[in-house]
Amino acid sequence: MTDYRSPWMDDELEMFRDAARRFVENEILPKDAGWREQHLTDRGIWNKAGEYGLLCTDIPEEYGGVGGDVRHEAVLVEELGRRGLTSFGHNVHSILAHYVLNYGSEQQKRDWLPRMASGELVGAIAMTEPGAGSDLQGVKTRALRDGDDYVLNGSKTFISNGFHAGLVGVVAKTDPGRGAKGISIIMVETKDLPGYRVGRVLEKIGQHGWDTAEMYFDDCRVPASSLLGPAEGQGFAQLMQDLPYERTFLALGGVAAMEYALELTVDYTRSRKAFGQSLLEMQNTRFKLAEVKTTAQVARVFIDDCIQRLAQGKLDTVTASMAKLWITEMQCKVMDECLQLFGGYGYMKEYPISQLYVDSRVQRIYGGANEIMKEIIARSL
Ligand SMILES: Cc1cc2nc3c(=O)[nH]c(=O)nc-3n(C[C@H](O)[C@H](O)[C@H](O)COP(=O)(O)OP(=O)(O)OC[C@H]3O[C@@H](n4cnc5c(N)ncnc54)[C@H](O)[C@@H]3O)c2cc1C
């Protein structure tokens, strides 16, 4: 891949990449193993990322952002993904910032975006509940209007950035009788909020350093101005409209992980000897890695096209769903093939390929399960 440059890259972005690389190598890489042990990052990494100018990179400067575009976000996703780093959940943070930018009032943008850009507020999106995941219309959390407030009741699970979250986009029913049309996003500032509680940081099979948590809302009162958008009942449409953004970055993380796995596996098989030759000299190894390289390259070209179209505001949900579906399926296949070539060492935690393998698996489940991607794509037939 060394002679390939994404068509959306330019010299200004190369400079931004240098800054992102410095941040990742100095502030994240040395701490990642510790974060995986404790099942969450240190809170300070968010403020550090803000100081480096790496949060809200595609949010306009007038709201405290970096004033770049989706390509800046893409660079940071790549710098993390190419080192197999999954603890720092900046992409979920960025998705929430986008909701605020796209649907928030002027006051909401001024209230929240600068604090998200500095790392003072960590963003999370709380859709999933114990009884409702793929079928979001089934959410039971209620946000009912009472005078100048909304009163929230319900619980959420599997929420990324859940432990550190200071601002949560809570998907709730404001009009329980109206199905999807009764769903709204209520923005909840969690600090010192009576009735709000974070449950356990969940034990996962991978992505150990990323805080995934449960949340409880018991008669939580938030001001009526916490409603995202001008009217109730728009939550479902808001979520749907931003899907291309979310899915492109999920898929890009998958491509970066495949590229990293290929690099690791070529290095390893070149140095490992068996039966008087290196593993890389064996035809099976060369053929497997030829397939992996081809897959990674096809995925790269596809995702680069998505990024370009996203930057131009032209990426549709069906194409983004195809990218999420195919790339994450390939990602899991590639990790499995690569791990196999490491033999027993691939099963050892100290070898990064084992982390890539377990970290990849959830890519086919979150961000909309891949079966839901197929439904969306099939509807366009
Ligand atoms: C590590 C992690 C992080 C997450 N982060 C977040 C987060 O930040 N915020 C958030 O809100 N949620 C988050 N989630 C939740 C995630 O989005 C859901 O797990 C996912 O949407 C699937 O919902 P579910 O787990 O309830 O599975 P279910 O909806 O019960 O589905 C189970 C399986 O059934 C199949 N299935 C479901 N519906 C259909 C259908 N219509 N057609 C065919 N097959 C179907 C699929 O194979 C699916 O995987 C996270 C999950 C994990 C594991």
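You'll find the structure just up there.
No experiment lies behind these values; they were computed from the predicted model shown.

A.B. asks: Looking at this structure, I do not really get the overall build of the protein chain. What am I missing?
C.D. replies: Assigned secondary structure in the protein chain consists of twelve helices and nine strands. Since a compact globule built from 381 residues should have a radius of gyration of about 21 Å, the 21 Å found for the protein chain is in line with a globular shape. Dimensions along the principal axes, computed over C-alpha positions, put the protein chain at roughly 80 × 45 × 40 Å. Counting the 381 residues in the protein chain, one finds 54% classified as buried. Contacts in the protein chain between residues far apart in sequence, at least 24 positions, make up 75% of those at least 6 positions apart. As presented, the protein chain carries roughly 16,700 Å² of accessible surface, and 52% of it is formed by carbon and sulfur atoms.

A.B. asks: Which parts of the structure should I look at to understand the pattern of salt bridges?
C.D. replies: Where side chains of opposite charge bring their charged atoms close, a pairing between them can arise. Counted under the stated rule, the structure contains 32 salt bridges. Where D10 meets R71, a salt bridge forms, and the shortest distance between an N and an O atom there is 3.4 Å. Here R71 lies in helix α4 (residues 70–81) and D10 lies in the segment before α1 (11–28), a separation of 61 residues in the sequence. Given the relative accessible area of 16%, R71 is considered buried. A salt bridge links E78 to R17; the shortest N-O distance between them is 2.6 Å. Here E78, found in helix α4, pairs with R17, found in helix α1; they are 61 residues apart in sequence, far enough to count as distant. Here the two residues E78 and R17 agree in accessibility, since each one is buried.

A.B. asks: Honestly, the packing of α4 against helix α8 (residues 243–271) in this entry has me stumped. Any pointers?
C.D. replies: Two numbers describe a pair of packed helices, the interaxial angle and the distance between the axes. Remark: α4 packs on α8, axes separated minimally by 8 Å, with the N-to-C direction vectors making an angle of 35°. For the element pair α4 and α8, the recorded crossing hand is right-handed. Across from V70, E73, A74, V77, E78 and G81 in α4, the residues of α8 making contact are Y245, F249, L252, G253, A256, A257 and Y260.

A.B. asks: Could you clarify how one ought to interpret unusual backbone geometry in this entry?
C.D. replies: Positive phi is not limited to glycine here, since H39 has a value of about 65°. Residue placement: H39 occurs in the loop between α2 (32–38) and α3 (44–51). Residue Q207 is not a glycine yet carries a positive backbone phi of 45°. Along the chain, Q207 falls in the loop between β6 (196–201) and β7 (212–223).

A.B. asks: Please clarify how the nonpolar core should be interpreted in this entry.
C.D. replies: One recurring pattern in soluble globular proteins: nonpolar side chains tend to sit buried together. Within the largest apolar cluster, 87 residues are counted, with the highest numbers of intra-cluster contacts made by F88 and I303. With twelve residues, the single largest contributor to this core is α8. F88 has contacts with F23, I28, T41, I45, W46, A49, L55 and L80, leaving out every residue within four places of it along the chain. Of all hydrophobic cores here, the second largest spans 20 residues; its members include A165, V168, I186 and F217.

A.B. asks: Help me understand the site of the ligand in this model?
C.D. replies: Taken together, 17 residues form the shell around the ligand, and within it I125, T128, S134, F158 and S160 come nearest. Residue I125 places a main-chain N or O atom 2.8 Å away from a nitrogen atom belonging to the ligand. Compared with its free state, where it exposes 970 Å², the ligand has 65% of that area covered by protein. For the shell around the ligand, the secondary structure elements donating two or more residues are β1 (123–126), β3 (149–160) and α12 (370–379). Counting residues per element, the shell around the ligand draws most heavily on β3, which supplies three residues.

A.B. asks: Could you clarify how one ought to interpret the side chain of D304 in this entry?
C.D. replies: Tracing the chain through its elements places D304 in helix α9 (residues 283–311). Among the residues examined, D304 registers a relative accessible area of 1% and is labelled buried. Only 2.9 Å separates the side chain of D304 from the side chain of S6, close enough to count as a polar contact.

A.B. asks: How should the pairing of β1 be read in this particular structure?
C.D. replies: Strand residues, when the strand is regular, have side chains that alternate between the two faces of the sheet. Neither face of β1 is exposed, since G123 and I125 on one face and A124 and A126 on the opposite face are all buried. Judged from the four bridges that link them, β1 and strand β4 (residues 167–173) form a sheet pairing that is parallel. Within β4, the position partnered with I125 by the bridge is G169.

About the thresholds
Residues numbered from 1 in each chain as written. Predicted model: local features only at pLDDT ≥ 70, side-chain atom pairs only at ≥ 80, totals over all residues. Heavy atoms only, no water. Helix = DSSP H or I, 4+ residues; strand = E, 2+ residues; numbered from the N terminus. Rg over C-alpha atoms; globule rule 2.2 N^0.38 Å. Buried < 20%, exposed > 50% of the residue type's maximum accessible area, 1.4 Å probe, protein only. Contact = heavy atoms within 4.5 Å. Areas by Shrake-Rupley, 256 points an atom, 1.4 Å probe, with all protein chains shown as cover. Salt bridge = Lys/Arg side-chain N within 4 Å of Asp/Glu carboxyl O. Axes fitted to C-alpha atoms, helices over the stretch in contact; angles between N-to-C directions. Left-handed = near helix turned anticlockwise from the far one by under 90°. Core = buried A, V, L, I, M, F, W, Y, C linked by side-chain atoms within 4.5 Å. Near = heavy atom within 4 Å. Polar contact = N/O pair within 3.5 Å; in protein donor to acceptor, adjacent residues only side chain to side chain. Pairing = 2+ DSSP bridges.

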